[in-house]
Amino acid sequence: MAGVDGRVALVTGASRGIGRATAELVASRGARVMCVARSEQDLASLGLEYAVADLGTPEGCSDSIAATERQIGPIDILLSNHGIGSAHERDVWDQDPACWDETMRINLDGPFHLSRLVLPGMVERRYGRMVYVSSTAGLVAEAASSAYNSSKHGLLGLMRSVALDAGPFGVTANAVLPGWVRTSMAERSAAHEAKDRGISTDQVWEERAALYPAGRVVTTTEVAETVAFLSSEESSGISGEAIRVALGSLS
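The shown structure was predicted, so the numbers you read here are calculated from the model rather than taken from an experiment.

Basis of the calculations
- Residues numbered from 1 in each chain as written.
- Predicted model: local features only at pLDDT ≥ 70, side-chain atom pairs only at ≥ 80, totals over all residues.
- Heavy atoms only, no water.
- Core = buried A, V, L, I, M, F, W, Y, C linked by side-chain atoms within 4.5 Å.
- Buried < 20%, exposed > 50% of the residue type's maximum accessible area, 1.4 Å probe, protein only.
- Helix = DSSP H or I, 4+ residues; strand = E, 2+ residues; numbered from the N terminus.
- Contact = heavy atoms within 4.5 Å.
- Pairing = 2+ DSSP bridges.
- Axes fitted to C-alpha atoms, helices over the stretch in contact; angles between N-to-C directions.
- Expected span 1.5 Å × (residues − 1).
- Arc of directions from axis to C-beta.

Trainee: Explanation requested: the nonpolar core in the structure shown.
Mentor: Across soluble globular proteins, nonpolar side chains have a tendency to be buried as a group. Among the nonpolar cores identified, the biggest contains 32 residues, and Leu10, Met122, Met130, Tyr132 and Val162 are the most heavily contacted of them. Those elements that place two or more of their residues in this core are β1 (8–12), β2 (32–37), α3 (58–71), α4 (97–125), β5 (128–133), α5 (146–166) and β6 (171–178). Counting residues per element, this core draws most heavily on α5, which supplies seven residues. Excluding its chain neighbours within four sequence positions, the residues that come into contact with Val162 are Ser115, Leu119, Met130, Tyr132, Gly167 and Ala173.

Next comes the structure, spelled out in structure tokens:
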């Protein structure tokens, strides 16, 4: 199996959680990986090529792509994983417009800029894999999360547009939609919810686990395995799909 061996992969939000697990996994399978995030300390501990950038800005996106091409070569695989959560959000009528703007800038504008910048090379070389990490909230909205819900729904629209536009040139685009995963971002939302409800964070996680038939939450490795497959040459028949990684839950 050719998989990702020798391919150049840019992984965003690679310093922690799903992004870190994905970067380590595709690197272990032979990809040449560039890791991008805002925390240099966390990136450096990976032992892989890295660049520090704010992917919520067009300049950060272009800088990360330029660094990848300069240090390891033209990009074959874009794994757009970075994002901001919803712990600080409120009901729509109380939502701070600044929160909306920040969430869209990071969760949707960043992936758009990365896509528009990396796709010309893929189209020219007639090969590419684009994988976007969305959320089950991209299909089923969560309460008091209008910015997060909208950004994750929008990410699916971007993915499907890329699949249509770049499909004739050997490029596939797909999205992975994890359910609850015990990442640092999800821990912050659990702590916020626990405080609001006067319960412990462990109780919040027990309730989240109960949402799934397996009685547990998804692991970062389970999400990374799905992303890695969609990054591979063997996934050539799959494009324009939103694949839920949520242990069988339909919500």
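Now that the structure is up, let's keep going.
Trainee: I'm lost on the sheet that holds strand β3 (residues 49–52) in this one. Help?
Mentor: Strand pairing in a sheet relies on backbone hydrogen bonds. The paired strands run either parallel or antiparallel. One open sheet accounts for seven strands, arranged β3-β2-β1-β4-β5-β6-β7; its pairing is parallel. Sheet topology places β3 and β7 (242–245) at the edges, where each strand pairs with a single neighbour. Each strand of the sheet is rotated relative to its neighbour by a mean of 20°, with strand direction disregarded. Here β1 runs beside strand β4 (residues 77–80); their pairing, made up of three bridges, is parallel.

Trainee: Sorry, what's going on with α3 here?
Mentor: Residues separated by three or four positions in an α-helix point in the same direction, a consequence of the helix having 3.6 residues per turn. Taking 1.5 Å of rise per residue, 14 residues should cover 20 Å, and α3 covers 20 Å from first to last C-alpha, within 8% of that figure. Those residues of α3 that fall on the buried side of the exposure criterion are Gly60, Cys61, Ser64, Ile65, Ala67 and Thr68. For α3, the arc enclosing every buried residue in end-on projection is 160°, short of the 170-degree limit, so these residues lie on one face. Projecting away from the buried face of α3 at angles above 90 degrees are the exposed residues Glu59 and Arg70. Buried positions along α3 lie against β1, β2, β3 and α4. Where α3 ends, the next residue or the one after it, Gly73, has phi of about 125°, a positive value.

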